[in-house]
Amino acid sequence: MTDLSQLPLITNSLETTSRLQLLVLSNGHGEDIIAVRILQELQRLSSPPDIFALPIVGEGRAYQQLNVPCIGAVQTMPSGGFIYMDSRQLMRDVRGGLVQLTWKQIQAVRRWVNCQTKLGNKKAILAVGDIVPLLFAAMSGANYAFVGTAKSEYYVRDEDGLLTRRSKSARWENFSGSIYHPWERWLMSRRRCRGVFPRDALTTEILKKWPIRAFDLGNPMMDGLEPTVSSSQFYGADAEQKEIVRPLVVTLLPGSRANEAYANWEMIMTAVSGLITGWRERDMVFLGAIAPGLDGDILSQTLQIQGWHRCAESPIQIADPDYLTFKQKNNYVILSQKAYSDCLHLGDLAIAMAGTATEQFIGLGKPAIAIPGKGPQYNPAFAEAQSRLLGSSLILVEQPSKVAQVVQSLLKNPDLINEIAENGVKRMGQPGAAKRIAECLQARLG
C-alpha cells in the first residue's frame, strides 16, 4: 500500500476536485473488512467520494481489493491486534514500536487533512472500530463519522436491565450509564462528528440520551454472507420430521490466527469425538470453516490422529472445489477454505472458538457452543464477554467433554431454539447495513 510521504504516487490528493475526499481509519482486520463493505457501497452511489485509508492495526490488506491508497505507515504488531484484557500483549506491542507507529500515523492524518485543506477540497474522515480511530478523527480538524464495532450495551445490559456481574471491577464498564465512557461520548457529540453508527438498536437508544447523532442502521458484519447453496432448515413446522431423516450439521469455527487456531482445532476435535461417542441418535456432518491463511495439512493431521480417514464422497455439496472430506463410521468432517458463507448457513449449530465468525453464525439465528482457549484472542475473558454480547445464543462450556451434553439439551428444547433464533437476529441485525450507512454518510458528509 502507498504511503503519503510518497506524494507523487497519490495523484488525486494533489488535485482540486468537487468530489468528497474521504479518509477511512480502522484498527483491526475485522474493522478493515467492515470498512471495505461500507466503501464498496459508497462506490456504487451516483457521486462516490475519492477514498483513502489508514489501517491503524496491521497492514490493511482488505483495502487492496478496492485499490484504496494508504496514506501512512502500517505495521503488524506482535499481538496481531489482540490486546483485549491482556496487558502482556500490549507491552509486546510497545516494545515492537507501537508508540512510534502511532505518532507517525497521527502525523499522516494531519498531513492528509492539511493537504486537502490547501487544495480547497471537501474532506471528511470515517473512523471504524473503537476510541483509537475515533480519537484520530477528532484530532484531525475535519468532519468525521464513527462506526462503533467494539462496544455494545449488551456487554452490560439487556432489554430488561443491567446484567448481574460477579466482579466489582465490572461496574467500571457502565459507571456513567453507558458502555461508552464520557470521553468517548464527548468525541461523538462534537459538532464535527456528523454521524455515529452503533452496532445494535439497544446501543443506539442509550447513546441518544446524550447530544449524539446516533443512527440505528444495523451491523455490516451481517452483510456479504449470502449462501451459494440451499441451506438445511433447522427451524420450521416440519423440523421434527427432518431431524429424523437427515444428519445433524455442526459448523466448526476455530478462528483465523494461525498458531491459536491450530490449538483451538485440537480442542474442537476433542469435543467432536466426545459428541460422536456420547450421542449416537443421529449421524453427524461437521463443516470446518477454515480461514484461507491456515495450513490445511496441520488440521488434517489432527483429524487423522483422532481416527478420521480421507474419503471421496461427501454428504453435503458446498461451493468449494477443493474441500477435503474425512469419515469416521457414518460421520463426516468437511474442511473448506473457500465456502465460508455456506458453512455458516448449512450448520444447525456451531462449536466455536472465534470472534467475528461466532457472531455472524449467531446473527443467522443459530446457537453456538464456545470453549474458551488460551488466546491471545479467544481466551476466557474474551469468551465471557462475548457470551454477554450474544446472550442466550452463545453457550459457554469449560471443557470440550461438556459439548455433547449441551447439544442434547438444545435439541430437546424447541422453545429455547426459537428464543435463540430471535435473539441472534436482534443482537446482530438484518443484512444491508453497509448500504444504509453508505447512503447516510453521503447525506451527512457529502
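Being a predicted model, the structure only gives us computed values, none of them experimental.

Q: Any chance you could break down the pattern of salt bridges for me, citing the residues and the numbers?
A: Following the criterion strictly, the structure yields 12 salt bridges and no others. The salt bridge partner of Arg 44 is Glu 41, with a shortest N-O separation of 2.9 Å. The exposed category is assigned to Arg 44, whose relative accessible area is 58%. For Glu 313, the salt bridge goes to Lys 327, with nearest N and O atoms at 3.6 Å. Of the two residues, Glu 313 sits in the loop between strand 10 (309-310) and strand 11 (324-328) while Lys 327 sits in strand 11, which places them 14 residues apart along the sequence. Lys 327 gets classed as partly exposed once you look at its relative accessible area, which sits at 25%.

Q: Quick rundown of the confidence of the model for the protein? Include the residues and the values.
A: Residue-level pLDDT values for the protein average 89, and 88% of them are 70 or greater. Here residues 1-12 scores under 50 on pLDDT; set against residues more than four positions off or in separate chains, the count is 34 contacts.

Q: Account for the side chain of Asn 219, with residues named and values stated.
A: Turning to its location among the elements, Asn 219 is positioned in the loop between helix 6 (201-207) and helix 7 (239-245). On the accessibility criterion, Asn 219 (3% relative accessible area) is buried. Aside from chain neighbours lying at most four places away, what touches Asn 219 is Arg 199, Met 428 and Ala 433.

Q: So what's going on with empty space enclosed by the protein? Which residues, and what values?
A: To locate leftover empty space, one rolls a probe as large as a water molecule over the atoms. Under the counting rule described, the total for this entry stands at 2 cavities of 30 Å³ or more. Considering only enclosed or pocket space, the largest cavity measures out at about 40 Å³ in volume. Around the largest cavity, the lining residues are Ile 34, Val 147, Gly 148, Thr 149, Phe 197, Pro 198, Arg 199, Gly 218, Asn 219, Pro 220 and Met 221. In terms of residue class, the lining of the largest cavity is made up of 6 nonpolar, 4 polar and 1 charged. Of the pockets and cavities examined, the second largest cavity occupies roughly 30 Å³. Lining of the second largest cavity is provided by Ile 106, Val 109, Arg 110, Phe 136, Met 139 and Ser 140. Counting only elements with at least two residues in the lining of the second largest cavity, the list comes to helix 3 (98-119) and helix 4 (131-139). Counting residues per element, the lining of the second largest cavity draws most heavily on helix 3, which supplies 3 residues. When the residues that make up the lining of the second largest cavity are grouped by side-chain class, the tally is 4 nonpolar, 1 polar and 1 charged.

Q: Outline helix 9 (residues 296-305), supporting the account with residue identities and numerical values.
A: Three or four residues apart is the spacing at which side chains of an α-helix point the same way, because the helix has 3.6 residues per turn. Regarding helix 9, the residues found buried are Gly 296, Leu 299, Ser 300, Thr 302 and Leu 303. Here the buried residues of helix 9 occupy an arc of 155 degrees about the axis, which is enough to place them on one side. For helix 9, the exposed residues lying more than 90 degrees away from the buried face are Asp 297 and Ile 305. Structurally, helix 9 contributes buried residues whose contacts are with helix 8 (258-278), strand 11 and strand 12 (331-336). Taking the backbone nitrogen of Asp 297 as reference, a side-chain oxygen 2.9 Å away marks Asp 295 as the first, capping residue of helix 9.

Q: Outline the sheet that holds strand 14 (residues 368-370), listing residues and values.
A: Pairing within the open sheet is mixed, and its 8 strands lie in the order 10-11-12-9-8-13-14-15. A strand with exactly one partner marks an edge of an open sheet, and here the two such strands are strand 10 and strand 15 (394-396). As defined by bridge partners, strand 8 (residues 248-253) adjoins strand 9 (residues 284-289) across 5 bridges and the pair is classed as parallel. Along strand 9, the bridge assignment pairs Leu 252 with Gly 288. Against the sheet, helix 13 (residues 403-411) engages strand 8, strand 13 (349-352), strand 14 and strand 15, with an angle of about 160 degrees to strand 14.

Cut-off values and rules
- Residues numbered from 1 in each chain as written.
- Predicted model: local features only at pLDDT ≥ 70, side-chain atom pairs only at ≥ 80, totals over all residues.
- Heavy atoms only, no water.
- Salt bridge = Lys/Arg side-chain N within 4 Å of Asp/Glu carboxyl O.
- Buried < 20%, exposed > 50% of the residue type's maximum accessible area, 1.4 Å probe, protein only.
- Helix = DSSP H or I, 4+ residues; strand = E, 2+ residues; numbered from the N terminus.
- pLDDT = per-residue confidence, 0-100.
- Contact = heavy atoms within 4.5 Å.
- 1 Å grid on protein atoms, 1.4 Å probe; cavity = no way out; pocket = protein on both sides within 12 Å on 5 of 7 lines; lining within 4 Å.
- Points joined across faces, edges and corners; volume = space filled by probe spheres on them.
- Nonpolar A, V, L, I, M, F, W, Y, C, P; charged D, E, K, R; others polar.
- Arc of directions from axis to C-beta.
- Polar contact = N/O pair within 3.5 Å; in protein donor to acceptor, adjacent residues only side chain to side chain.
- Pairing = 2+ DSSP bridges.
- Axes fitted to C-alpha atoms, helices over the stretch in contact; angles between N-to-C directions.

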